[in-house]
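Chain by chain, the residues:
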Amino acid sequence: MLTSIQNRSVIVTGASKGIGKGIATVFAAQGAKIMVVARGEADAVKTVEEISAAGGTAEYTLCDVTDEDQVAAMVAKTADTFGGVDILCANAGIFPQKKIIELTGDDWDAVMQTNLKSTFLCVKACIPYFEKNGRGRVVVTSSITGPVTAFPGWAHYGASKAGQLGFLKTAAMELSRYNTTINAVMPGNIVTEGLEGLGQDYLDTMAASIPLKRLGDVKDIGYAALFFASDEAAYITGQSIVVDGGQILPE
Ligand code: NDP
């Protein structure tokens with residue numbers, strides 16, 4: 001057990017489903033207190049119930065992470081509920097697939113707002129709480145798509161995910177004065193509802209092409225995030241790690 005995680009107050013955006021739920025479950029199992037953040041109440045409640053049934057501590061807040069006021073209110077509610085904010089997992093994201101020739105300006109803006117602007121808004125809102133604590137941790141869910149590889153149909157998505165890494169490098173410098181680190185996990189293909197929409201044939205072909213011969217589990221990302229959030233990772237900031245079963249390795 002990473003004792004530094006126990007009783008920590010953790011915000012996980014997009015924790016109602018998929019990777020965020022995996023991160024929340026892994027952190028809760030280590031004794032952290034989880035604020036599940038999403039827009040949909042039914043899924044958020046279900047995540048809280050599952051964590052509670054497993055003996056963990058979780059509450060939920062409905063919040064659209066593209067909205068600055070809602071983000072500020074969500075962070076304040078977390079601090080009120082758990083007595084502070086120790087760790088932010090900025091994970092919420094969307095990945096609609098559309099080729100550039102079909103992409104509209106609105107499509108572009110929606111992805112940038114949800115994936116990139118939200119990361120900035122959540123980090124900014126947490127800074128006063130990290131300053132008050134005298135420490136903090138931020139873990140961003142980026143992607144291999146954009147920063148290290150590319151797939152047709154995800155130009156806007158890849159730009160948003162590469163943008164997160166650009167943001168975190170400067171953020172790492174600015175957050176250091178609050179004894180706060182910020183790092184990113186870059187998942188490969190992880191089995192979530194979002195990915196299931198791509199179809200079983202696509203997923204089977206993808207799994208066969210991965211050196212470890214499987215798609216990722218949401219907890220694979222949770223464990224990497226857990227390390228970055230721990231005291232044991234105190235000297236790592238502005239960095240990112242690929243968690244992809246070897247997918248991006250050259251043949
Ligand atoms: P899912 O679609 O399974 O879950 C997305 C989560 O984000 C949901 O909880 C959703 O809840 C929430 N969300 C989306 N938009 C908003 C918003 N505006 N405000 C608040 N919450 C929001 O996706 P994944 O778990 O697959 O993806 C999570 C992250 O991981 C994303 O950043 C994605 O880019 C990244 N990633 C995923 C990979 C994969 O293979 N699955 C690979 C690489 C990166 P609700 O709709 O209720 O708001």
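Residues numbered from 1 in each chain as written. Predicted model: local features only at pLDDT ≥ 70, side-chain atom pairs only at ≥ 80, totals over all residues.

Chemist: How would you summarise the site of the ligand if you had to cite specific residues and measurements?
Modeler: Contacts to the ligand come from 31 residues, most closely from Gly14, Gly18, Gly40, Gly93 and Gly194. At the level of elements, helix 1 (18-29), helix 4 (105-133) and helix 6 (193-196) are the ones that each hand at least two residues to the shell around the ligand. For the shell around the ligand, a count of residues per class yields ten nonpolar, 16 polar and five charged. (Near = placed C-beta within 6 Å. Helix = DSSP H or I, 4+ residues; strand = E, 2+ residues; numbered from the N terminus. Nonpolar A, V, L, I, M, F, W, Y, C, P; charged D, E, K, R; others polar.)

Chemist: Mind laying out the confidence of the model for the protein, listing which residues take part and the relevant values?
Modeler: Averaged over all residues, the pLDDT of the protein is 96; the fraction at 70 or higher stands at 99%. Among the scores for the predicted complex, ipTM is 0.99 and pTM is 0.98. (pLDDT = per-residue confidence, 0-100.)

Chemist: Can you break down the pairing of strand 5 (residues 136-141) residue by residue, with the values?
Modeler: Of all the six residues making up strand 5, six are buried; the element is thus mostly covered by neighbouring parts of the structure. On strand 5, burial covers both faces: Gly136, Val138 and Val140 on one face and Arg137, Val139 and Thr141 on the other are all buried. Here four bridges tie strand 4 (residues 87-90) to strand 5, and the two strands are oriented parallel to one another. Within strand 5, the residue paired with Ile87 across the bridge is Arg137. Handedness of the crossover is the feature at issue here: the chain leaves strand 4, passes through helix 4, returns alongside strand 5, and the resulting connection is right-handed. Note: strand 5 against strand 6 (residues 180-187), six bridges, orientation parallel. Looking at the pairing, Val138 lines up with Ile182 of strand 6. Between the parallel elements strand 5 and strand 6, the chain passes through helix 5 (residues 155-175) in a crossover that is right-handed. (Buried ≥ 20, exposed ≤ 12 C-beta atoms within 10 Å, placed from the backbone. Pairing = 2+ DSSP bridges. Right-handed = clockwise from strand over helix to strand, strands pointing away.)

Chemist: Give me the lowdown on helix 4, citing residues and values where you can.
Modeler: End to end, helix 4 covers 40 Å across 29 residues, agreeing with the expected 42 Å (1.5 Å per residue, within 8%). Bending of helix 4 peaks at approximately 40° at the position of Gln113. (Expected span 1.5 Å × (residues − 1). Bend = angle between axes of the 7 residues up to and from the residue.)

Chemist: A description of the nonpolar core should follow, citing residues and the corresponding values.
Modeler: Counting 64 residues, the largest nonpolar core has Val12, Ile34 and Val36 as the members making the most contacts within it. If you tally residues by element for this core, the top one is helix 4, at eight residues. Those residues within four positions of Val12 in sequence are excluded, and the remaining contacts are Gly20, Ile23, Ala24, Ile34, Met35, Val36, Val37, Cys89 and Asn91. (Core = buried A, V, L, I, M, F, W, Y, C linked by C-beta atoms within 7 Å. Contact = placed C-beta atoms within 7 Å.)

Chemist: Before we move on, could you go through the packing of helix 1 against helix 8 (residues 218-229) and cite the residues and values that matter?
Modeler: One can describe the packing of helix 1 onto helix 8 by two numbers: an axis separation of 8 Å at closest approach and a directional angle of 55°. One finds that helix 1 runs oblique with respect to helix 8. The two elements helix 1 and helix 8 meet at a crossing, and its hand is right-handed. Note on element contacts: helix 8 touches helix 1 through Val218, Lys219, Ile221, Gly222, Tyr223, Ala225 and Leu226, opposite Gly18, Ile19, Lys21, Gly22, Ile23, Thr25, Val26 and Phe27. Grouping the amino acids of the contact of helix 1 with helix 8 by side-chain chemistry returns nine nonpolar, four polar and two charged. (Axes fitted to C-alpha atoms, helices over the stretch in contact; angles between N-to-C directions. Parallel < 35°, antiparallel > 145°, perpendicular 65-115°, else oblique. Left-handed = near helix turned anticlockwise from the far one by under 90°.)

Chemist: So, helix 1: which residues are in play, and what are the values?
Modeler: Taking 1.5 Å per residue, twelve residues should reach 16 Å; helix 1 reaches 17 Å between its end C-alpha atoms and fits that length. Gly31 lies just past helix 1 and shows a positive phi near 90°.

Chemist: Any details on the sheet that holds strand 1 (residues 9-13)? Residues and values, ideally.
Modeler: An order of 3-2-1-4-5-6-7 is seen for the seven strands of this open sheet, with the pairing classed as parallel. In this open sheet, the two edge strands, each paired with only one partner strand, are strand 3 (57-62) and strand 7 (240-243). Neighbour to neighbour, the strand axes of the sheet diverge by 20° on average, direction disregarded. Sitting on the sheet, helix 3 (residues 68-82) touches strand 1, strand 2 (33-38) and strand 3, and the angle it makes with strand 2 is about 155°. Sitting on the sheet, helix 5 is in contact with strand 5, strand 6 and strand 7, with an inclination near 160° to strand 6.

Chemist: If you had to explain the packing of helix 4 against helix 5 to someone new, which residues and values would you point to?
Modeler: Helix-helix packing: each pair is described by the crossing angle between the helix axes and the interaxial distance. Helix 5 packs onto helix 4 with a crossing angle of 20° between their chain directions and a minimal axis gap of 9 Å. As summarised for this structure, helix 4 and helix 5 are arranged roughly parallel, according to the angle between their axes. Pair helix 4 / helix 5 crosses with right-handed handedness. Touching Asp107, Trp108, Val111, Met112, Asn115, Leu116, Thr119, Phe120 and Val123 of helix 4 are His156, Tyr157, Ser160, Lys161, Gly163, Gln164, Phe167 and Ala171, all from helix 5. Taken together, the residues that form the contact of helix 4 with helix 5 break down as nine nonpolar, six polar and two charged.

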